[in-house]
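Notes for the structure review
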Amino acid sequence: MAPLILLLFLFRAISVNSQSPDALKFLGAQEPTRKTTYRLSKPLVGDNGKIYTCSDRNFFAFESNGSIAWSVHINFTCYVDIPPYQDEFGKIYLVAENKILKINPPSVRNPESTFEIFFGKMLTTEGSNKISGMAVSVISSLMFITVENRALFAYTLRGQRLWSAGPVLYRSGYRVGCKRNVTDCHFTSAPVVDQCEGSVYISNTYGELYALVIRNPQFKWIQDLSEFDKLLTITPGNNGLVYVTFPVKALLLALDVFTGNILWQKNIGPLSTIDCSPIVDSNGWISIGSLDGFLYSFSPSGDLRKFPKANVLDSVALVSPLLHCSGYAIYFSQTVMEGKTSRTIGDFTYISVMKPKNVVFTMLVPATGSVYWSGTYTGQFASFLNESILQYFAMDERILLAFVAAGNMGNPLQCRTTRQNHASSCSLAKPKHLSIYAENERTLLLYLLFESLVLIILLCAVRFCCIFWGKEKLKNQDLGTFLENRRSLQEDLKVFDRAITKQKQNAAVGDEASRHEAMEKLGILVKERDGIARKLSTTYSLGRDKCNESISKSVLPLYDDKTYTSSSEGTSDYSGSHGSSSREDEAKNLGYDGDEESALKGKKKVESDEAGPSNTSAGKFKEMDWESSAVATSCFAYPLYIHGEKGGSTSNNNRLKRTLSSIN
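**A closer look at the overall build of the chain**
Check the secondary structure of the chain and you find eleven helices and 35 strands. The contacts in the chain between residues at least 6 apart in sequence include a share of 52% that link residues at least 24 apart. When the accessible surface of the chain is split by element, carbon and sulfur atoms take 53% of a total near 33500 Å².

This is the structure:
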């Protein structure tokens, strides 16, 4: 009883402007002695809560309480089965007599509402130029118009023609579209726009569904659905799906927007062929009313929910549901009849009903199954409108449902704009990757990790072999010997570091002569240490012994002293070929004692190996001739030596002897 009282109050409030002469002026009536009814077109509920509809040559904007907010007289008769469209700037587009009118609502600058012809100035009123429908892309600010027997047109909202496309396209000599008949094939359905994926969908007279790109007339795919029926209704899901309804067969299909493949198909109750368009909410659920009195709601995966749960024997759903301003709930109506009978003949179900008794309006969320509000309107539609302006209009279920939706009856949810609702549903359009190994996912992951680890180890092994076994120096040598020599160089490097530290301490104390002598020994140790470091860090450590021709002849000075300067002719490196002095005396001259002395012996051993054949550990490389050893030594131990320079290794050894003699 409470919802009934609420509805009574609503429609009693409509009578506020009922006696206004201006309201009658639009209808062309002068206080008629008997009531004249005018049929209103399919309404549009705007984001601002107003209801936009037209009747004959008048366009009306109603408030949610039924009063007229504003109106404009147009010079063309509007279509009652095509609803108006509103863009994001508040402009309204209306189909009237094969033309599309652009209506400008009143504003601060222009208090009077006006209209202009947006499309169809050159079209005639003949059936061949009939406008089947239009659609507006909110995201791209484009309008799409279907003209029967002609083409699909795309216009910017500023009135500039962008492109047009027919139902037949030839590619590489092959015909695409209208496979069965070309002469009698044309677009018949109203275009619909997927606001998320950026496609336009339209069908032809032979039941073929087209998907076109918004910005150019290219067909993304064409799906032949004529095996189901030629009469179909297209509904964009804005969630990665596009839905196709066959009213005669009472069948609903869900297609993938990228390929056009049928993902699932569901049978529903018998549908009205007048107004049976489904509605898709922001949760991705599609809902459609049936003549059996139930509302069928399907999830994006095809799960079904029917409302109400109780059986309704004498109810029918004659009109399409409307989306609540929140985007998550819907309003739908059930008309309760005095009697209803149904019979099934073959694959078709026929419904016969008597006159209506009342209408039940319900607000619910299909995704959760929650019913937020329900109201009953008893009696015929005009019973409570005798004193309002709406008494001059034929009030059917879709007009009453629009007023209920605009009034936010039982509204527990926050309203949002159309763009916000599209953004919510678009988030569902992300492709979901289905796992075909769901049961063994962990085992498969471990196997892939193990396989990756094995591949990494094999790559490292191959890299190792390519570096070491492919070198000329190791062809006839033992790899273990090479690695042992490398380890010995690393140990010598540590010993030289300790010796250099000790010589720095000696150079800091004592008289000037001792400091000068310490600095000389420090210079020799630094150069020796640098030679070992170069052996470890350059291509020598990889088994290469060929000299690089681009080595610079200049080096940095060892220390700030006039005696030792950077010169390519007067400076030479220390070598282990000190023939006349014993290793003990040499170590004393260089400042070694203790462990440093034994380490220096190891260092002499390595350097002797590089200089040429001897009776020390260089015997491991005895197959190598003197020239190759001299080249290897001069490239790394003696950076001032350039391969091929006049004098070769002999002049270098002479400079080395002179240097050792000056140290001793």
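**Some points on a nonpolar patch on the surface**
Together, Phe-450, Val-454, Leu-455 and Leu-458 give the surface a local cluster of nonpolar side chains, amounting to about 380 Å² of exposed area. Summarising the element assignment, Leu-458 is placed in helix α5 (residues 441-468).

**A word on the packing of aromatic side chains**
For the coordinates displayed, the defined rule picks out 19 aromatic pairs. Measuring from centroid to centroid gives 5.8 Å for Trp-264 and Phe-298, while their planes differ by 35 degrees, and the two rings are tilted. Note that Trp-264 is positioned in strand β23 (residues 262-267) and Phe-298 in strand β26 (residues 295-298), a separation of 34 residues in sequence. Residues Trp-264 and Phe-298 agree in their burial class; the two are buried. The rings of Tyr-38, Phe-60, Phe-62, Phe-393 and Phe-403 are connected pair by pair, giving a single aromatic cluster. Its guanidinium or amino end placed over the ring of Phe-294, Lys-306 lies 4.4 Å from that ring's centre, counting from NZ or CZ.

**A closer look at the confidence of the model for the chain**
Looking at the chain, pLDDT values average 74 and 69% of them are 70 or higher. Low confidence marks residues 541-664, where pLDDT is under 50. Its contacts with residues over four positions away, or in another chain, come to 190 contacts.

**Quick notes on the pairing of strand β17 (residues 199-203)**
Most of β17 is tucked away, with five of its five residues classed as buried. Here strand β16 (residues 192-194) pairs with β17 via three bridges, running antiparallel. Note on β17: the bridge partner recorded for Val-193 is Val-200. Across five bridges, the pairing between β17 and strand β18 (residues 208-213) is antiparallel.

**Focus on the state of the cysteines**
Counted according to the given criterion, the structure contains four disulfides. Across the disulfide, Cys-54 is cross-linked to Cys-78 (sulfur-sulfur distance 2.0 Å). With the S-S dihedral at roughly 110 degrees, the linkage between Cys-54 and Cys-78 falls on the right-handed side. In this pair, Cys-54 sits in strand β3 (residues 51-55) while Cys-78 sits in the loop between β5 (68-73) and β6 (85-86), placing the two residues 24 residues apart along the sequence. A relative accessible area of 0% places Cys-54 in the buried class. On the accessibility criterion, Cys-78 (6% relative accessible area) is buried. Cys-178 shares a disulfide with Cys-185; S-S distance 1.9 Å. Measuring handedness by torsion sign, the sulfur bridge of Cys-178 and Cys-185 sits at about -70 degrees and is left-handed.

**Remarks on helix α7 (residues 512-537)**
Its 26 residues place the ends of α7 36 Å apart at the C-alpha level, agreeing with the 38 Å of an ideal helix rising 1.5 Å per residue. Among the residues of α7, Ala-518, Lys-521, Leu-522, Gly-523, Ile-524, Leu-525, Lys-527, Glu-528, Gly-531, Ile-532, Lys-535 and Leu-536 are the ones counted as buried.

**Some remarks on the side chain of Lys-340**
Summarising the element assignment, Lys-340 is placed in strand β31 (residues 340-345). At 3.1 Å, the side chain of Lys-340 and the backbone oxygen of Leu-313 are in polar contact. At a separation of 2.8 Å, a polar atom in the side chain of Lys-340 contacts the main-chain carbonyl oxygen of Ser-315. Once residues within four sequence positions are removed from consideration, Lys-340 is found in contact with Leu-291, Asp-292, Gly-293, Val-312, Leu-313, Asp-314, Ser-315, Val-316, Ile-351, Ser-352 and Val-353.

**What to know about the sheet that holds β18**
Read from one edge to the other, the open sheet built from four strands follows the order β16-β17-β18-β19, with strand pairing classed as antiparallel. This sheet does not close on itself; its edge strands, each paired only once, are β16 and β19 (219-224). Taking the axes of each pair of neighbouring strands and ignoring which way they run, one obtains an average angle of 20 degrees across the sheet.

**Describing the pattern of salt bridges**
As enumerated under the stated definition, the model contains eleven salt bridges in all. For Glu-63, the salt bridge is made with Lys-50, and the minimal N-O distance between the two is 3.8 Å. Of this pair, Glu-63 sits in the loop between β4 (58-62) and β5 while Lys-50 sits in the loop between β2 (44-45) and β3; the two residues are 13 residues apart in sequence, bridging distant segments of the chain. The shortest N-O distance in the salt bridge between Lys-220 and Glu-197 comes to 2.3 Å. Of this pair, Lys-220 sits in strand β19 while Glu-197 is found in the loop between β16 and β17, placing the two residues 23 residues apart along the sequence. Of the residues examined, Lys-220 reaches a relative accessible area of 33% and is grouped as partly exposed. A cluster of three or more residues bridged by salt bridges with shared partners is formed by Glu-484, Arg-487 and Glu-491.

**Observations concerning the environment of Asp-56**
Among the secondary structure elements, Asp-56 is positioned in the loop between β3 and β4. Here Asp-56 falls in the partly exposed class, since its relative accessible area comes to 42%. Each C-alpha atom of the pair Asp-56 and Asn-75 lies 9.6 Å from the other, and the pair is 19 residues apart in sequence.

**With respect to the sheet that holds strand β11 (residues 142-147)**
Ordered by their spatial adjacency, four strands build an open sheet running β10-β11-β12-β13, and the pairing between neighbours is antiparallel. In this open sheet, the two strands that pair with only one neighbour each are β10 (131-137) and β13 (161-165). Across the sheet, the axes of successive neighbouring strands diverge by a mean angle of 15 degrees, strand direction being ignored. The sheet contact formed by β10 and β11 spans six bridges and is antiparallel. Bridge pairing links Met-134 to Ile-145 in β11.

The rules we used
- Numbers given for residues are sequential positions, taken from 1 along each chain in its written order.
- Under the rules for a predicted model, residues below a pLDDT of 70 receive no local features and side-chain atom pairs below 80 are neither given nor counted, while totals for whole chains, interfaces and linings still include all residues.
- To obtain the side-chain values, all non-hydrogen atoms of the structure were included, while hydrogens and water were left out.
- Numbering of helices and strands starts at the N terminus; helices are DSSP runs of H or I of at least 4 residues and strands are runs of E of at least 2.
- Throughout, a residue-residue contact means that at least one pair of heavy atoms, one from each residue, lies within 4.5 Å.
- Only the protein chains shown count as covering a residue, and every accessible area follows the Shrake-Rupley method with a 1.4 Å probe.
- Patches here: salt-bridge-free residues with over 30% relative accessible area, like charges joined within 9 Å, nonpolar side chains (Val, Leu, Ile, Met, Phe, Trp, Tyr) joined within 5 Å.
- Any carboxyl oxygen of Asp or Glu that lies within 4 Å of a side-chain nitrogen of Lys or Arg is treated as forming a salt bridge with it.
- Ring pairs are drawn from Phe, Tyr and Trp, using the six-membered ring of Trp, whenever the two centres fall within 6.5 Å, and their geometry is named by plane angle: stacked under 30 degrees, edge-to-face over 60, tilted for the rest.
- Think of it in three bands: with a 1.4 Å probe and only protein chains considered, a residue is buried below 20% of the maximum accessible area for its type, exposed above 50%, and partly exposed in between.
- Charge over a ring is defined by NZ of Lys or CZ of Arg lying within 6 Å of the ring centre and within 35 degrees of the ring normal.
- What pLDDT expresses is the predictor's confidence in each residue, scored from 0 to 100.
- Two strands are said to pair when DSSP picks up at least two bridges between them.
- Criterion for a disulfide: a pair of cysteine sulfur atoms at a distance within 2.5 Å.
- For a helix, the expected span equals 1.5 Å multiplied by the residue count minus one.
- By the criterion applied in these results, polar contacts are pairs of N or O atoms within 3.5 Å in which, for protein atoms, one can donate a hydrogen and the other can accept it, and in which residues neighboring in sequence qualify only through two side-chain atoms.
- A fitted line through C-alpha atoms serves as each axis, taken over the contacting stretch for helices, and the angle formed by two N-to-C directions is quoted from 0 to 180°.

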